[in-house]
Amino acid sequence: MSESSTRPAPRVLGVAIPSPLRRLFDYRPGGETPAGGWQPGLRVRVTFGRRQVVGVILECRDASALPLETLKPVDACLDDAPLPDDWLWLCRFTARYYQHAAGDTLHQAMPALLRQGRSLEARTRERWRATPSATRESPGLARAPRQAELLAMLRQHPHGLVTQAVLAQSFSRDQLKALVDKGLVERLEEPRTATPTGQAGPLLAEPVLPLQREQAAALAVLHERLDGFHPCLLHGVTGSGKTEVYLQLIEAVVGRGHQALVLVPEIGLTPQTLARFRSRFRVPVVALHSGLTDHERLDAWEAAASGRAPIVIGTRSAIFTPLARPGAIIVDEEHDGSFKQQEGLRYHARDLAVARAHRHGIPLVLGSATPSLETLQRALAGDYRHLRLTQRASRHPPARLELVDLRGRPRRGGLIPPVMEAIEATLAAGHQVLVFINRRGFAPTLACHACGWMAECDHCDARMTLHRQPPLLACHHCDRRRALPDACPDCGSADLRPLGSGTERTEETLAERFPETPVHRIDRDSTRRRDALEQTLTEVRRGAPCLLVGTQMLAKGHHLPHVTLVVVVNADAGLYSSDFRALEHSAQLLEQVAGRAGRAAHPGRVLVQTLHADDPNLRLLAARGYDALAERLLEERRAAALPPFRHLALLRLESPREQAASELGGRAAGALREYLAERGLAVDCLGPVPAPMERRQNRYHLQVMLGADKRSRLHEAGAWLAAWLEAEPAARRVRWSLDIDPQTLS
Ligand code: ADP
Ligand code: ZN
Ligand code: ZN
């Protein structure tokens, strides 16, 4: 007998609807009663205003604030069983923590096909089979060699191939469609039965590496703590073999029949990383990345939710993967900025990982060579177990930074003569050089040598970057482009010169200076094609001497065994920023870049050009490394009452009309201050003040900052503020968002 007969039908369903409004909407049950009865977690199709939308039931009640007879019935229930429990919990936690509408949170955390109302149970998949009449010489293929190849492949598989298998051979959907249109291939639909991965035989596909002493000690600690919530910071220098520790931890987790979830930074989910996981285990490793189709994403979701996928690895949004038997969560490079979503639902995947591991009662490993001050502080305070790896797997210790004073020295392409000589010597020794420069384009701006005019964006408080390939001025904040002017718009002089260096200019200078040596530029412009980066890196890993010029795309994660010299063109960006986290982020990046040097047989050198060679923070970083600087920064943060010793929230307001934003900001801050005083709530409220770049995309940006010692107080204030804004008519004409634990103040 189905449960519906025992469970009394509720009279009211509180439904989370994809809308920015922070509330549920009440409906009556309607359509067919789901097999298990009405319950939270079922998706329903409802009429919302004039639209039909997919919502999720979060509450089943018998009463509503509205008269029951005015409630609309739901149009249909889309699920037989509720969406996974752990996933629902995480979404509700996220909505509460980040003061975000539950409906929108659920929607963002759901695979696109579920969002569109696709059924989870009755899914099918496509299979493609050559029709009996298809032959190699079929008409219409003479001029379509790829279609002919595809057909030949399909003919070798009498049962046909599923889409994924076809695409894996670099054929496209269009080619399949063309063959179907020609009547040479037929499309079959079959039920997507869960392929059981019932594990027989050994778990490992390759032997584990014998661990170094410190790795073994860290793993032993992790092995003792497989049950219960045990947060650990795996704090290991670059190249110390953190990944090997993860792999052996996962082996233990999966060996007990549990699942492991691994989060990596956006830049870190390379084919190389994935290959390392896949070649280790005989069980499937499900990867969640931006290249998946909607079907593949839903498959992965379902495989994780059903427990069929023992290992799930993905970037930020993978934190929202449901797990049937969670066993451990690992966050690699936990300090990485890409774990924080900077728009819409502004969650931090690392922080959600902590919440999730706590909820499940499972171990959590946060790994980094340069831990965030938040995580480091918790480890130093004893809240997290602090596991250290100080030795590299290759015997060479990570190279120290050598500061190179730029003052008064001629620069070409951003590089001064002694640095050029070091590059020359390294190439002559048969090694590779990595030149790190955190600006793409040819030069940060174009300036008039006669009057000092500089190219500025009409829409932002920012200079426009000069590009050579193709030649134009581009704003990196709003993407506006302009043709190069022939003459200075202010004084008419034709003496316009690039000011400073970007990747293109450094590349050009190096190519001129070292005509015999290949120069590879790696930045967002040069790697627009999806596989361009991997192709270049594969070439580089072959080991012939070469020069790599790149932005932070190059700085992180990649193993480049033949690089022995790293040059940082300019280390000064984060030194005197108004953002209190800038120095922390800058130091992390420098240490990561430096970590690219000397990872294999030869020791490395890291030359860091700076105009501030006397800066005490930079000197500390160079002399004693990130950990020493991080401890100093923590002291400063403590003294200044900044995170991690205080909790912040940032209200951002923007409008094309400056006055609309500042008026609303002023009223919101005023109302909040009154509320805080009334409640005697110890929360600071600062602002409104203009954002560091006040005008962006022709919109004015303002902010109000909230700060509190106790998170609960900050949350009370944030919730009140969000409610006030939601009820305020003027707030509908100003775009606003509340960022809990903001990572940047811009
Ligand atoms: P991290 O993630 O700490 O930067 P990796 O895990 O990428 O370091 O390891 C760096 C290199 O050292 C890799 O090539 C890896 O195969 C190798 N390695 C790691 N552990 C060992 C070990 N115990 N013995 C030998 N080589 C190791
Ligand atoms: Zn001029
Ligand atoms: Zn702009």
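Please read all numbers here as calculations on a predicted model, not as lab measurements.

> What am I meant to see in the overall build of the chain here?
Along the backbone of the chain there are 20 helices and 30 strands. The C-alpha atoms of the chain give 29 Å as radius of gyration, which agrees with the globular expectation for 746 residues (27 Å, within 12%). Over its C-alpha atoms, taken along the principal directions, the chain stretches across nearly 85 × 80 × 60 Å. A burial count over the chain gives 54% of its 746 residues as buried. Residue pairs in contact within the chain that sit at least 24 positions apart in sequence constitute 75% of those at least 6 positions apart. On the chain, roughly 33,400 Å² of surface is accessible, and the fraction owed to carbon and sulfur atoms is 50%. Taken as two groups, the 97 positive and 84 negative side-chain charges of the chain have centres that lie 2 Å from each other.

> How should I be thinking about the coordination of the zinc ion (ligand 3) in this particular structure?
The expected angle between donors at a tetrahedral four-coordinate metal is 109.5 degrees. At an octahedral six-coordinate metal it is 90 or 180 degrees. For the zinc ion (ligand 3), the full set of protein donor atoms is Cys457 (SG), Cys460 (SG), Cys475 (SG) and Cys478 (SG), and the range of their distances to it is 2.2 to 2.4 Å. Around the zinc ion (ligand 3), the four donor atoms are arranged such that angles at the metal cover 102 to 115 degrees; this shape is classified as tetrahedral. Here the donor residues of the zinc ion (ligand 3) share one chain and are spaced in sequence as C-x2-C-x14-C-x2-C. Taken as a pair, Cys460 in the loop between β18 (445–448) and β19 (465–468) and Cys478 in the loop between β20 (471–474) and β21 (481–482) lie far apart in primary sequence, 18 residues in all.

> I tried to follow the sheet that holds strand β25 (residues 563–568) on my own but got confused; where do I start?
Picture the strands of a sheet paired through backbone hydrogen bonds; they go either parallel or antiparallel. Ordered by their spatial adjacency, six strands build an open sheet running β16-β26-β25-β17-β24-β23, and the pairing between neighbours is parallel. Since the sheet does not close on itself, it has two edges, and those belong to β16 (401–405) and β23 (519–522), each with one partner. Direction aside, the axes of adjacent strands within the sheet are offset by 20 degrees on average. Summarising the sheet, β23 and strand β24 (residues 547–550) pair through four bridges and their orientation is parallel. What sits directly across from Arg521, in β24, is Val549. Helix-sheet contacts for helix α18 (residues 616–639) involve β16 and β26 (605–610), and the interaxial angle to β16 is about 140 degrees.

> Can you walk me through the pattern of salt bridges in this structure?
Working definition: two side chains of opposite charge can pair if their charged atoms are close together. Using the criterion set out here, one finds 46 salt bridges in the structure. The partner of Arg521 in a salt bridge is Glu507, and the shortest N-O contact between them spans 2.8 Å. Highlighted residues: Arg521 in strand β23 and Glu507 in helix α14 (residues 503–513), separated in sequence by 14 residues. Residue Arg521 is classed as buried on the basis of its relative accessible area of 12%. Each of Lys340, Arg346, Arg652 and Asp739 takes part in salt bridges that share partners, so that together they form one network.

> In this structure, what is going on with the packing of helix α13 (residues 417–428) against α14? I would like to understand it.
The description of two packed helices rests on the angle between their axes and on the distance between the axes. For the pair α13 and α14, interaxial distance at closest approach is 12 Å and the crossing angle is 60 degrees. On the basis of the axis angle, α13 is oblique to α14. α14 is crossed by α13, and the crossing has right-handed handedness. Contacts between α13 and α14 pair Met420, Ile423 and Glu424 from the former with Thr509, Leu510 and Arg513 from the latter.

> Mind showing me how you'd approach the side chain of Glu728 here?
Among the structural elements, Glu728 can be located in the loop between α20 (711–727) and β30 (735–740). A residue is classified by how much of its surface remains accessible, and Glu728, at 11% relative accessible area, is buried. If we ignore the near neighbours within four places in the chain, the residues touching Glu728 are Leu664 and Arg667.

> Got a minute to help me understand the site of ligand 1 in this structure?
Around ligand 1, the surrounding shell holds 17 residues, and the nearest of these are Pro210, Gln215, Gly239, Gly241 and Lys242. Arg276 is positioned with one of its side-chain polar atoms (N or O) 3.1 Å from an oxygen atom of ligand 1. When isolated, ligand 1 has an accessible area of 560 Å², and the protein chains bury 75% of it. If you tally residues by element for the shell around ligand 1, the top one is helix α8 (residues 242–255), at three residues. A class-by-class count of the residues in the shell around ligand 1 yields five nonpolar, eight polar and four charged.

> What is the right way to look at the environment of Cys488 in this model?
One can find Cys488 in the loop between β21 and β22 (496–499). On a C-alpha basis, the gap between Cys488 and Asp86 in space is 61 Å, while along the polypeptide they are 402 residues apart. If sequence neighbours within four positions are ignored, Cys488 has contacts with Cys448, Cys451, Trp453, Ser493 and Leu496.

> What is the right way to read the packing of helix α4 (residues 145–155) against helix α6 (residues 173–181) from this model?
At a closest axis distance of 10 Å, the pairing of α4 and α6 adopts a crossing angle of 80 degrees. Of the possible angle classes, the one that applies to α4 and α6 is roughly perpendicular. Facing Arg146, Gln147, Leu150, Leu151 and Leu154 of α4, the residues of α6 in contact are Gln175, Leu176, Ala178 and Leu179. Its residues placed into classes, the contact of α4 with α6 shows six nonpolar, two polar and one charged.

> Can you walk me through the domain arrangement of the chain in this structure?
Put simply, an interface is often sized by how much accessible area is lost when its parts join up. Each assigned domain of the chain is listed with its residue range as follows: domain 1 (3–115), domain 2 (124–191), domain 3 (213–389), domain 4 (401–440 + 501–637), domain 5 (443–500) and domain 6 (647–740). Once you take the C-alpha centre of each, domain 3 and domain 6 turn out to be 34 Å apart.

> Explanation requested: the packing of aromatic side chains in the structure shown.
Geometry of an aromatic ring pair is reported as the spacing of the ring centres plus the angle between the planes. This structure, assessed with the given rule, holds seven aromatic pairs. Consider the rings of Tyr97 and Tyr98, whose centres lie 4.7 Å apart with planes at 70 degrees: the pair is edge-to-face. When the ring centre of Phe442 is taken as origin, the NZ or CZ atom of Arg468, which lies over that ring, is 3.9 Å away.

> Help me out: how do you make sense of the sheet that holds strand β28 (residues 683–696) in this one?
Judged by pairing direction, the sheet is antiparallel, and its four strands sit side by side in the order β28-β29-β27-β30 without closing on themselves. Looking along the sheet, the strands with just one partner apiece sit at the ends: β28 and β30. Direction aside, neighbouring strands of the sheet carry axes that sit 20 degrees apart on average. Summarising the sheet, β28 and strand β29 (residues 699–708) pair through eight bridges and their orientation is antiparallel. Looking at β29, one finds that Cys685 is bridged to Leu706.

> Is there a simple way to explain the nonpolar core in this structure?
The nonpolar side chains of soluble globular proteins are, as a tendency, buried together. One finds Trp87, Ile319 and Leu706 to be the most contacted residues of the largest nonpolar core, which totals 120 residues. For this core, the element with the most residues is α18, which contributes ten residues. With residues near it in sequence (within four places) discarded, Trp87 still touches Leu106, Ala109, Met110, Trp301, Phe320 and Pro322. Listed in part, the 33 residues of the second largest apolar core include Val245, Phe277, Val285 and Ile330.

> How do you make sense of helix α15 (residues 532–541) when you look at a structure like this?
For an α-helix, the turn length of 3.6 residues means that residues three or four places apart are oriented alike. Every buried residue of α15 is listed here: Ala532, Leu533, Glu534, Thr536, Leu537 and Val540. At its buried positions, α15 is contacted by α9 (271–280), β17 (432–436), β23, β24 and α16 (552–555). Positive backbone phi, at 105 degrees, marks Gly543, one or two positions downstream of α15.

Quick notes on the rules
Residues numbered from 1 in each chain as written. Chains lettered and ligands numbered in written order. Predicted model: local features only at pLDDT ≥ 70, side-chain atom pairs only at ≥ 80, totals over all residues. Heavy atoms only, no water. Helix = DSSP H or I, 4+ residues; strand = E, 2+ residues; numbered from the N terminus. Rg over C-alpha atoms; globule rule 2.2 N^0.38 Å. Buried < 20%, exposed > 50% of the residue type's maximum accessible area, 1.4 Å probe, protein only. Contact = heavy atoms within 4.5 Å. Areas by Shrake-Rupley, 256 points an atom, 1.4 Å probe, with all protein chains shown as cover. Lys, Arg positive; Asp, Glu negative; His and termini not counted. Charge placed at Lys NZ, Arg CZ, Asp CG, Glu CD. Donors = N, O, S within 2.8 Å, 3.2 Å for Na, K, Ca; no water. Tetrahedral: all angles 85-135°; square planar, octahedral: opposite > 155°, others 65-115°. Pairing = 2+ DSSP bridges. Axes fitted to C-alpha atoms, helices over the stretch in contact; angles between N-to-C directions. Salt bridge = Lys/Arg side-chain N within 4 Å of Asp/Glu carboxyl O. Parallel < 35°, antiparallel > 145°, perpendicular 65-115°, else oblique. Left-handed = near helix turned anticlockwise from the far one by under 90°. Near = heavy atom within 4 Å. Polar contact = N/O pair within 3.5 Å; in protein donor to acceptor, adjacent residues only side chain to side chain. Nonpolar A, V, L, I, M, F, W, Y, C, P; charged D, E, K, R; others polar. Domains from an automatic or database assignment. Phe/Tyr/Trp six-rings, centres within 6.5 Å; stacked < 30°, edge-to-face > 60°. Lys NZ or Arg CZ within 6 Å of the ring centre and 35° of its normal. Core = buried A, V, L, I, M, F, W, Y, C linked by side-chain atoms within 4.5 Å.

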